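# Examination of the molecular architecture
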Amino acid sequence: MSSATTPTLVEDFLGHFGPYGGRFVPEALISALDELTQAHESAKRDPEFQNQLAELHRTYTGRPSILTEAKRFAEHAGGARIFLKREDLNHTGSHKINNVLGQALLTKRMGKKRIIAETGAGQHGVASATAAALLGLECVVYMGEADTKRQALNVARMKLLGAQVIPVTQGSKTLKDAINEAMRDWVTNVATTHYLLGTVAGPHPFPTMVRDFHRVIGVEARAQMLEEFGRLPDAVLACVGGGSNAIGIFHPFIGDANVRLIGLEAGGSGIESGKHASTISGGSAGVLHGTRTYVLQDENGQTVESHSISAGLDYPGVGPEHAFLHDIGRAEYRSITDAQAMEAFSILCKSEGIIPAIETAHALAGAMIIGKELGPSGCLLINLSGRGDKDVATAAEYFKIEL
Amino acid sequence: MTALSNLLVKTQAENRAALIGYLPAGFPTKEKCILAIKAMVTGGVDAIEIGYPYSDPVMDGPVIQAAAEQSLANGTSASDVFDILAATVALGVPAVIMTYWNPIERFGIEKFAAELAKRGGSGVITPDLTIEESATWRSACAKSDINSIYVVAPSTSDARLPKVVEACSGFVYAASLMGVTGTRGSVSGNASELVARIKSHTSTPVAVGLGVSNGAQAKEVAQYADGVIVGSAFIRKLQENDNFDRALEAITALAKELAIGVRR
């Protein structure tokens, strides 16, 4: 990109966001990625497909999700008004279902009968298994062996839903390695199989397509803010691992120059400790899992292991559109430590009667900081991306609650 | 002309395929890796493909994954990879590096090509660099006068295939099957068809990889390809033999068997 070029906010036809995105994958996958790009583009313009998805969201997901004003939580956030977009109330308990239903319908549109998925915390795996059951698809979920132990309950849920869960024993045995293994499966079985990637990372068209399926979050929230409260928020906040819930709520606000977009990355024990998952705040440009983006890497270009109390944010890459929004200054990214996230987790539980996912708690911790910066006249919209049932064991251990 | 291109001219003149052996740099250790390469060359391997071990090798099966993991645990760095390359060139055979893209970008695109040329390497195979993303790399390779080698897959469309082939110099890497690296009971029937499709677009030599592990398979592939690439089968000799000297003997024996195979 020449310096004279005005940065565009629209990806090009090869899925580039400025210098980020694109495709860095084995040649064997190109035809499948082309097929998927085409299927997505045609489905986007097909009213029948769009109606089918909207109807599923209305009658199955439970959309639109509501906005909740968090008045007691706001007392801990400088008195700013705080609105929660309740993606935790969706079927399966998080925003993940938005993308999964969209891609599962695309799978059928392409005439494929098998889906594979990767999962970290298990939320995307559960959502994928759910959609597969609903639409009659075979489902295989790759999950790092370490994560199958951390999230045993979600493994059981996937199995109850009829999915096969394959523990991945390579590398760090976490999400990154589950993605590697899913890609190997895909390279081998690409003719019959769709890889239902769970975040806005990966090769084109995934970052664009997954964003398009999650935009519904921001589209609804923007309209709800205007209709119910007569204004747009000063800032929209969301946690960022791969960044799917964040891009979903950010994207419809990108044109609203006065609305700040703030992504909260997982800081683990703190960036300076080296044990974190803050890819934008603490990483550098590189290539991981098929896309050019910010990556946690060493001087030889090897991916460095990430660390976070939240399995869903424990990823050493990030969606390429976030990398771009960061570089052009349209979105800000900050790092939240495990301790800050767990404090916010506890405060939301006790002030609002909502147990959030630990991932989401990073966004809530960000709101406590930004709210204090803005003061009582401030107005924040937070994507409450998931519920915390899956995290009860982790939280109980953290707060030393005996089970 | 790179040493690799010269080799392929020579083997074509001898009416045979070139035997190309693969080993991840730094596996099992830096010193033993060089000895294993020497054992391959002693047995008749014509050219060496040195793998740059990478943390996220999505194109590789369990054998190469395990070897790369061991190499990384040994702390193999870019300078080790180039040292092994230089040691291979010193044995008198052409050497290329096979690497996923990120290590090149991290090292510096032009710098990587220049360093490879300086150490006597012939080229680089980049299995996850799509031709759409390859412009900067290709000009860096041209500037340093080294080969840039890309993979063509059975699923590569007729419309796309000529573009990938055109981007290749040295040879075109034909992936014989849809899948990751590793030994297979038989070489896929797709391979000869794919090589024929490639050859209808170019006079650049074509080498076949993925799944070749014995003399009979090498002979079969040599009927239609200019090069036969063998990786996992060599690595397995090192993984199976606790005694390193015995592993070296097994590598040389396998290389001899394959070298007879490629002579059709």
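In this text the structure is predicted, and so the values were computed from the model without any measurement.

### Some thoughts on the overall build of chain A
- Tallying secondary structure elements over chain A gives 15 helices and 14 strands in all.
- Taken over C-alpha atoms, the radius of gyration comes to 19 Å for chain A, in line with the 22 Å a tight globule of 403 residues would show.
- For chain A, the spread of C-alpha atoms along the three principal axes comes to 55 × 55 × 50 Å.
- With 403 residues in all, chain A has 64% of them scored as buried.
- Considering only contacts within chain A whose residues lie at least 6 apart along the sequence, 75% involve residues at least 24 apart.
- When the 37 positive and 44 negative side-chain charges of chain A are each reduced to one mean point, those points stand 3 Å apart.

### Topic: the packing of aromatic side chains
Residues and elements named next belong to chain B.
- The final tally for this structure, using the stated rule, is 13 aromatic pairs over all chains.
- Ring geometry for phenylalanine 112 against tryptophan 137: centres 6.3 Å apart, planes inclined by 65°, an arrangement best described as edge-to-face. One end of the pair, phenylalanine 112, is in helix H6 (residues 109-118); the other, tryptophan 137, is in helix H7 (residues 135-144), and 25 residues separate them in sequence.
- Looking at phenylalanine 112, the relative accessible area reads 0%, which means it is buried.
- Sitting above the plane of the phenylalanine 244 ring, lysine 32 keeps its charged end 5.0 Å from the centroid.
- Just above the ring of phenylalanine 107 sits the side chain of lysine 111; from NZ or CZ to the centre is 4.6 Å.

### Digging into the sheet that holds strand S8 (residues 193-195) of chain A
Residues and elements named next belong to chain A.
- Across the sheet, which stays open at both edges, the four strands sit in the order S7-S6-S5-S8 with parallel pairing between neighbours. Looking along the sheet, the strands with just one partner apiece sit at the ends: strand S7 (164-168) and S8. Averaged over all pairs of adjacent strands, the angle between strand axes in this sheet comes to 25°, irrespective of strand direction.
- Here strand S5 (residues 114-119) runs beside strand S6 (residues 138-144); their pairing, made up of six bridges, is parallel. The residue of S6 that forms the bridge with isoleucine 116 is valine 140.

### Observations regarding the interface of chain A and chain B
- Each side of the interface is counted separately: chain A has 34 residues, and chain B has 36 residues.
- With both chains or domains summed, chain A and chain B bury close to 2800 Å², and 47% of this area falls on carbon and sulfur atoms.
- It is Glu27, Arg184 and Gln302 of chain A that lose the most area in chain A upon contact with chain B, and together they represent 24% of the buried surface on that side.
- Viewed at the interface, chain B and chain A are joined by three salt bridges.
- Salt-bridge contacts for aspartate 56 of chain B lead to lysine 176 of chain A; the nearest nitrogen and oxygen are separated by 2.9 Å.

### Focus: a nonpolar patch on the surface
All names here are of chain A.
- Taken together, the side chains of Tyr398, Phe399, Ile401 and Leu403 make up a nonpolar region of the molecular surface, amounting to roughly 440 Å² of accessible area.
- Take leucine 403: it is sitting in the segment after helix H15 (392-398).
- Here leucine 403 falls in the exposed class, since its relative accessible area comes to 84%.

### Let's talk about the state of the cysteines
- Counted by the stated rule, this structure contains zero disulfides over all chains.
- Of the cysteine sulfurs around cysteine 379 of chain A, a residue in no disulfide, the closest is that of cysteine 239 of chain A, at 19 Å.
- Summary of cysteine pairing: cysteine 141 of chain B is not part of a disulfide, and the nearest cysteine sulfur, belonging to cysteine 168 of chain B, is at 11 Å.
- Overall, cysteine 141 of chain B belongs to the buried group, its relative accessible area being 1%.

### Some words on the side chain of aspartate 226 of chain B
- Locating aspartate 226 of chain B in the fold gives a position in the loop between helix H10 (215-222) and strand S9 (227-230).
- Aspartate 226 of chain B has contacts with Leu8, Gln12, Ala17, Ala18, Lys199, Pro205 and Val206 of chain B, leaving out every residue within four places of it along the chain.

Rules behind the numbers
Residues numbered from 1 in each chain as written. Chains lettered and ligands numbered in written order. Predicted model: local features only at pLDDT ≥ 70, side-chain atom pairs only at ≥ 80, totals over all residues. Heavy atoms only, no water. Helix = DSSP H or I, 4+ residues; strand = E, 2+ residues; numbered from the N terminus. Rg over C-alpha atoms; globule rule 2.2 N^0.38 Å. Buried < 20%, exposed > 50% of the residue type's maximum accessible area, 1.4 Å probe, protein only. Contact = heavy atoms within 4.5 Å. Lys, Arg positive; Asp, Glu negative; His and termini not counted. Charge placed at Lys NZ, Arg CZ, Asp CG, Glu CD. Phe/Tyr/Trp six-rings, centres within 6.5 Å; stacked < 30°, edge-to-face > 60°. Lys NZ or Arg CZ within 6 Å of the ring centre and 35° of its normal. Pairing = 2+ DSSP bridges. Axes fitted to C-alpha atoms, helices over the stretch in contact; angles between N-to-C directions. Buried area = accessible area lost by both parts, 1.4 Å probe. Salt bridge = Lys/Arg side-chain N within 4 Å of Asp/Glu carboxyl O. Patch = residues over 30% accessible without salt bridge, like charges linked within 9 Å, V, L, I, M, F, W, Y side chains within 5 Å. Areas by Shrake-Rupley, 256 points an atom, 1.4 Å probe, with all protein chains shown as cover. Disulfide = S-S within 2.5 Å.

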